[in-house]
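What the coordinates show
Letter by letter, the chains look like this.
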Amino acid sequence: MTALTLKQISKSFHNHPVLHQVDFSVQPGEVHALIGVNGAGKSTLVKILSGDIQKDHGSIRLGERDLDIRSPMDAKREGISIVVQEVDTALIPTLSVAENVTIDECLHGPSFFSWKKRKQTARTLLSEVGIHLAVDKLVSSCTLAEKQMILIARAIAGQVKFLILDEPTAPLSEVETATLFQVIRRLTDRGVGIVYISHRLNEIKTISDRLTILRDGKVITTQNTSEMEHEEMIRAMLGKTFSPSSATPHKKLGKPLAEINQFHVHSTGQTLSLTVYEGEIVGIAGLVGAGKTETARALFGADPHDGTWTIKGTSHPIQNPQQAIRAGICLIPEERRKEGVLVDFPVVQNLTLPSIRKLSPKGWINRRKEILFAEGLIERLGIKTPSPFHSVRRLSGGNQQKVSIGKWLDTHSHLVIFDEPTKGIDIGAKEDVFQLIRELARQGKGIIYFTSEFSELLTIADRILVMDHGQFVSEWKNEEATMEKLMHAATGGYYGTSAQ
Ligand SMILES: Nc1ncnc2c1ncn2[C@@H]1O[C@H](COP(=O)(O)OP(=O)(O)OP(=O)(O)O)[C@@H](O)[C@H]1O
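Residues numbered from 1 in each chain as written. Predicted model: local features only at pLDDT ≥ 70, side-chain atom pairs only at ≥ 80, totals over all residues. Heavy atoms only, no water.

Per the secondary structure count, the chain includes 20 helices and 21 strands. For the chain, whose C-alpha radius of gyration is 23 Å, the value lies close to the compact-globule estimate of 23 Å for 500 residues. In terms of its C-alpha atoms, the chain occupies a principal-axis envelope of roughly 70 × 50 × 45 Å. When the 500 residues of the chain are sorted by exposure, 53% land in the buried category. Across the chain, contacts joining residues at least 24 apart in sequence account for 66% of those joining residues at least 6 apart. Accessible surface for the chain amounts to roughly 21,900 Å². Of this, 51% is attributable to carbon and sulfur atoms. One way to put it: in the chain the 59 positive side-chain charges average out to a point 5 Å from where the 57 negative ones average out. (Helix = DSSP H or I, 4+ residues; strand = E, 2+ residues; numbered from the N terminus. Rg over C-alpha atoms; globule rule 2.2 N^0.38 Å. Buried < 20%, exposed > 50% of the residue type's maximum accessible area, 1.4 Å probe, protein only. Contact = heavy atoms within 4.5 Å. Areas by Shrake-Rupley, 256 points an atom, 1.4 Å probe, with all protein chains shown as cover. Lys, Arg positive; Asp, Glu negative; His and termini not counted. Charge placed at Lys NZ, Arg CZ, Asp CG, Glu CD.)

So this is what it looks like as structure tokens:
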């Protein structure tokens, strides 16, 4: 069994260097974590390895043999598979789960294959990754977590020797993450080498044997994970010390701001009532599949529902997102790349779109004002972009996310709904997002914060509701809530029982 080694890899995009002489290697049977802040160059490095991007300089070797990887097929032939961050673009939504899982066999395998056998292969691969899905189901109707598992099942098909996982747990809950870790351990026992990218340092500590830290496209260090403490990792990633904010202190809330009463969400079949107060951050915790995204979309008028919002005492029937925005409600969606940004438009237009009326009161757009406005947001959010005119597609995943959040910050909204706002963003940016949410609350806006990252709610929310099967099953004030209580409620009591 031989190691996969990258030596002196350099890469520039449009004369903008993003990787500088990077050395990186992964041994068979090890989990090697690759960490760094948004835009550090992690995805670029692994995409070079998987043949999605061409390196400018350097070499890739398998043992003593030089590899010439010019396409994903070249990488596959060498047993290198990747599960990319952009889950949606990697799947074909109009095909079934079985077709997506076995797509490589379909495209590159024998011209005749049995449909029955293909479905069986898909079932076996899916059960290997710990998920039981109807294989005839269309991928378009799968949740983000299911799509992630489909991609992992596809990646482990065939003779995989090295598997690259680029933020695999971003759409997964704690429970699903634990299942994924079991899969990873089974693979490493078989001798598969794993390159693991994540912003969640707890995961890195749990699952990886070694880690490499990238900063501004350069390797800062490669070490055994057990020899590095969290604080040291963060310092190396950021290049400075970092002090996380403590839990939200108890604060006095304003008047009732936004209210739903007997609001029926068609997709979950549940009926909800909720009042959000001025300046309040209401956290809604739920595992993947608990109905959070479906509820968030219905509350924003994007999905069918019966019921109205009462905002500042006025009733608003909201049949579509446009009416929601007019009523002062905005949603920062979970699937940001698909729904939250216009990827082929520049950063400036993405950031100014919701504020366009404010920026063009006389009906024509003042470009100077527009750019200044965008530059202000770029600075406040620390968006890493060479210029405001750079297209969003060319930003790193985390920076795309910041654009999707940033565009709502200076709008005249009353209620801001966040669906998994910190997914895929680094620890420094997460802190920036918390500060921005607190700033919105200080301005008197109401916040609804849906997440499967329960610990975040203990830091940011004033009140925490737990959602299961689309229903609110428990509610606590921040100071009464604990991780155990939240997990117990979210798993229908399972977590507490199994933990005993
Ligand atoms: N196709 C592209 N064209 C131009 N620039 C790009 C392209 N892809 C990536 N970049 C730039 O390369 C840099 C590194 O991006 P990369 O996606 O590798 O970072 P990352 O460490 O994976 O970040 P994240 O944690 O946000 O996913 C970023 O500044 C990004 O804007």
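So that's the structure; there's more coming.
Split by domain assignment, the chain resolves into domain 1 (4-238) and domain 2 (256-499). Contacts between the two partners involve 24 residues from domain 1, matched on the other side by 26 residues from domain 2. Buried surface at the junction of domain 1 and domain 2, summed over both partners, amounts to about 2,000 Å²; 56% is from carbon and sulfur atoms. Contact with domain 2 buries surface across domain 1, with N38, L144 and E174 losing the most and accounting together for 27% of the total. Along the contact surface separating domain 1 from domain 2 lie 2 salt bridges. (Domains from an automatic or database assignment. Buried area = accessible area lost by both parts, 1.4 Å probe. Salt bridge = Lys/Arg side-chain N within 4 Å of Asp/Glu carboxyl O.)

Another point: a nonpolar patch on the surface. On the surface, L342, F345 and L353 cluster together to form a nonpolar patch covering roughly 270 Å² of accessible area. In this fold, F345 is placed in the loop between α12 (336-340) and α13 (347-352). (Patch = residues over 30% accessible without salt bridge, like charges linked within 9 Å, V, L, I, M, F, W, Y side chains within 5 Å.)

The next thing to look at is the site of the ligand. Around the ligand, a shell composed of 19 residues is seen, among which G39, T44, R394, S396 and G398 lie nearest. Separating an oxygen atom of the ligand from a backbone N or O atom of A40 is a distance of 3.1 Å. In this structure, K42 approaches the ligand through a side-chain N or O atom, which is 2.8 Å from an oxygen atom. Taking 640 Å² as the accessible area of the ligand by itself, protein coverage stands at 88%. (Near = heavy atom within 4 Å. Polar contact = N/O pair within 3.5 Å; in protein donor to acceptor, adjacent residues only side chain to side chain.)

With that settled, the discussion passes to helix α6 (residues 144-155). With 12 residues, α6 should cover 16 Å at 1.5 Å per step; its first-to-last C-alpha distance of 17 Å lies within 8% of that length. With 12 of its 12 residues buried, α6 lies for the most part within the structure. Among the residues making up α6, those that are buried are L144, A145, E146, K147, Q148, M149, I150, L151, I152, A153, R154 and A155. (Expected span 1.5 Å × (residues − 1).)

Here we come to the pairing of strand β21 (residues 471-477). A regular strand places its side chains so that they alternate between the two faces of the sheet. The pairing of strand β20 (residues 463-468) with β21 spans 6 bridges and is antiparallel. Each residue of the ladder has a partner; that of L465, found in β21, is E475. Hairpin connection between β20 and β21: a loop of 2 residues separates the two successive antiparallel strands, and H469 in this loop has a positive phi of roughly 50°. (Pairing = 2+ DSSP bridges.)

Counting residues in each nonpolar core, the largest one holds 50 residues, and the members touching the most others are L126, I150, L163, I184, I194 and Y196. With 8 residues, the top contributor of residues to this core is α6. (Core = buried A, V, L, I, M, F, W, Y, C linked by side-chain atoms within 4.5 Å.)

Our next topic: the sheet that holds β21. The 6 strands are arranged β17-β18-β19-β13-β20-β21 in an open sheet whose pairing can be described as mixed. Lying at the two open borders of the sheet, with one neighbouring strand each, are β17 (329-332) and β21. In this sheet, adjacent strand axes meet at a mean angle of 20° when their direction is disregarded. In terms of strand pairing, strand β13 (residues 281-285) meets strand β19 (residues 446-451) through 5 bridges, oriented parallel. (Axes fitted to C-alpha atoms, helices over the stretch in contact; angles between N-to-C directions.)

The next point concerns unusual backbone geometry. Even without being glycine, Q21 reaches a positive phi, approximately 45°. Within the element layout of this structure, Q21 appears in strand β2 (residues 16-26). In this model, Q262 sits at a positive phi of 50°, which is unusual for a non-glycine residue. Along the chain, Q262 turns up in strand β11 (residues 256-265). Residue class for Q262 comes out exposed when judged on its relative accessible area of 57%.

A few words on the side chain of N350. Mapped onto the elements, N350 comes out in helix α13. Here F345 takes part through its backbone oxygen, which lies 3.3 Å from a polar atom of the side chain of N350. Look past the residues within four positions of N350 in its chain and what remains in contact with it is V341, L342, F345, V392, V403 and K407.

This part covers helix α9 (residues 230-238). Here α9 has its buried residues at M233, I234, A236 and M237. Down the axis of α9, the buried side of the element spans an arc of 165°, and every buried residue falls inside it. Where α9 is buried, its residues meet β3 (31-35), α8 (201-207), β9 (210-215), β10 (218-224) and α17 (427-442). Residue G239 follows α9 closely and has a positive phi angle near 80°. (Arc of directions from axis to C-beta.)

This structure, assessed with the given rule, holds 2 aromatic pairs. Ring geometry for F181 and Y196: centres 6.3 Å apart, planes at 70°, overall edge-to-face. Of the two residues, F181 sits in helix α7 (residues 174-189) while Y196 sits in strand β8 (residues 193-197), which places them 15 residues apart along the sequence. Taking relative accessible area as the criterion, Y196 reaches 0% and is therefore assigned buried. The interplanar angle of 40° and the centroid separation of 6.3 Å between the aromatic rings of F418 and Y449 together place this pair among those described as tilted. Taken together, the residues F418 in strand β18 (residues 415-419) and Y449 in strand β19 connect sequence positions 31 residues apart. Taking the relative accessible area as the measure of exposure, F418 reaches 1% and is therefore buried. Take Y449: its relative accessible area is 0%, and that puts it in the buried class. (Phe/Tyr/Trp six-rings, centres within 6.5 Å; stacked < 30°, edge-to-face > 60°.)

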